[in-house]
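# Coordinate analysis (summary)
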Amino acid sequence: MVAKGRKPRSLKEALKGKLSKKELSELVTSFDVIGSIAVIEIPDSLLKKKKTIAKALMQANTHIKTVARIKGKHSGKFRVRPVEIIAGKKTTLTEHKEHGCRFKVQVGKMFFSPRLSHERERIAKLIRKGEVVGAFFAGVGPFPIVFAKHSPMKKAHAIELNPIAYMFLKENIALNKCTHRIQPILGDVKKIAPKLKGKCNRIVMPLPKGGEHFLDSAFIAAASNCVVHFYQFGPRDSPYKEALAKIKTTAKKFNRKTRVIRKKRVRSFSPKTIQVVIDFKIY
Ligand SMILES: C[S@@+](CC[C@H](N)C(=O)[O-])C[C@H]1O[C@@H](n2cnc3c(N)ncnc32)[C@H](O)[C@@H]1O
């Protein structure tokens, strides 16, 4: 039990005495925080205790104003994950802060992951003065907006298919005062890429599930010496093999030379799968 008046140090500590030992062992203790909303996974076996868990989470993390439970996996072409509010303020709308930027997000209606924040910062540091960036699969804009704030890029073309995410993308560009450096585009990367033919010095492809079907678009939009950041899911024991083969096949199709600059594990996704990124150059 937590001493009266003291804030519990963790979710587990806040739940001592409220959940049995067995229930505590089934608890998923990690969760995402998007703005003031905690997004948490609750195993089926603990669903009857969901309100107790959510209240304990808010007790241990006083900056959290809403707790939302994940109701399903990221799915569909918009990569949206359904959620249910189980405690706190009844809203899915929030503002997330990252690297000095502000992102309005509606949890459950569009994709947003705070787990890619290191990648945004890493790429921003690589961007050189005057670069034109193709920000494919832009979502609410975290990649291009962090680039606009923290790199000397000339311009980013931010392409997003989900009309609701696109509305937030436009709003976030204005909120961060980067309207002169980011062009938001509502549409399918496959249809937009030919309009950017040969124009991009750098392309980010943060669509790990299915992004391989858009490699053609990257080769079309790439200027010579373009750097592509290609995200994929892969098996833990050999995560790069398939992605590298796909790059090779596409390069052959477009008769262009490529060189891999870096391969990197980004994050664990499931016991058997990890997310990786391959940075490669198209000559
Ligand atoms: C994994 S999310 C990444 C979003 C954002 N870059 C982020 O990191 O928060 C992929 C995004 O690509 C969008 N998308 C999926 N297919 C697309 C396509 N063919 N053309 C443009 N955007 C697409 C989805 O709606 C989703 O917002």
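Structure's up top.
Below you will find a few notes about this structure. Please read these numbers as outputs of a predicted model, since none were measured by experiment.

## A closer look at the pattern of salt bridges
Inspection of the entire model under this criterion finds 17 salt bridges. For Glu13, the salt bridge goes to Arg9, with nearest N and O atoms at 3.8 Å. Residue Arg9 is classed as exposed on the basis of its relative accessible area of 66%. Each of Glu119, Arg122, Lys264 and Asp279 takes part in salt bridges that share partners, so that together they form one network.

## A short note on the environment of Glu13
Here Glu13 shows up in helix α1 (residues 11–15). Here Glu13 falls in the buried class, since its relative accessible area comes to 16%. Sequence spacing of Glu13 and Leu207 is 194 residues, and the spatial spacing of their C-alpha atoms is 37 Å. A polar atom in the side chain of Glu13 sits 3.1 Å from the backbone nitrogen of Arg9.

## Comments concerning the packing of helix α4 (residues 117–126) against helix α5 (residues 142–150)
Between α4 and α5, the shortest axis-to-axis distance is 9 Å and the interhelical angle comes to 45°. In terms of their interaxial angle, α4 and α5 are classed as oblique. Relative to α5, α4 is oriented so that their crossing is right-handed. Residues Glu119, Arg120, Glu121, Ile123 and Ala124 of α4 form the contact with α5, whose own contacting residues are Pro142, Phe143, Val146, Phe147 and His150.

## Some points on the packing of aromatic side chains
Inspection of every chain in the model, using the stated rule, returns eight aromatic pairs. Here Phe143 and Phe147 contribute two aromatic rings whose centre-to-centre distance is 6.1 Å and whose plane-to-plane angle is 70°, an arrangement assigned as edge-to-face. One end of the pair is Phe143 and the other is Phe147, both in helix α5 and four residues apart, which spans about a single turn. Ring centres 5.6 Å apart and planes at 20° place the aromatic pair Phe219 and Phe254 in the stacked group.

## So, unusual backbone geometry
For His99, which is not a glycine, the phi torsion comes out positive at approximately 50°. Looking at the secondary structure, you find His99 in the loop between β5 (93–98) and β6 (101–106). His99 gets classed as partly exposed once you look at its relative accessible area, which sits at 24%. The phi angle at Phe137 is positive, at roughly 55°, despite the residue not being glycine. Within the secondary structure layout, Phe137 lies in the loop between β7 (132–135) and α5. Residue Phe137 is classed as buried on the basis of its relative accessible area, which comes to 17%.

## Focus: the nonpolar core
The biggest cluster of nonpolar side chains holds 39 residues, and the ones touching the most others in it are Val105, Phe147, Met153 and Ile182. When residues of this core are traced back to their parent elements, those giving at least two are β2 (37–40), β3 (66–70), β6, α4, β7, α5, β8 (155–160) and α6 (163–175). Once you skip the residues sitting within four places of it in the chain, Ile182 turns out to touch Pro144, Ile145, Ala148, Met153, Ala156, Ala158 and Ile173. Membership of the second largest hydrophobic core comes to 29 residues, among which are Ala222, Val228, Ala243 and Val276.

What counts and how
- Residues numbered from 1 in each chain as written.
- Predicted model: local features only at pLDDT ≥ 70, side-chain atom pairs only at ≥ 80, totals over all residues.
- Heavy atoms only, no water.
- Salt bridge = Lys/Arg side-chain N within 4 Å of Asp/Glu carboxyl O.
- Buried < 20%, exposed > 50% of the residue type's maximum accessible area, 1.4 Å probe, protein only.
- Helix = DSSP H or I, 4+ residues; strand = E, 2+ residues; numbered from the N terminus.
- Polar contact = N/O pair within 3.5 Å; in protein donor to acceptor, adjacent residues only side chain to side chain.
- Axes fitted to C-alpha atoms, helices over the stretch in contact; angles between N-to-C directions.
- Parallel < 35°, antiparallel > 145°, perpendicular 65-115°, else oblique.
- Left-handed = near helix turned anticlockwise from the far one by under 90°.
- Contact = heavy atoms within 4.5 Å.
- Phe/Tyr/Trp six-rings, centres within 6.5 Å; stacked < 30°, edge-to-face > 60°.
- Core = buried A, V, L, I, M, F, W, Y, C linked by side-chain atoms within 4.5 Å.

Everything listed here is a matter of coordinates, which is why it stays silent on function.
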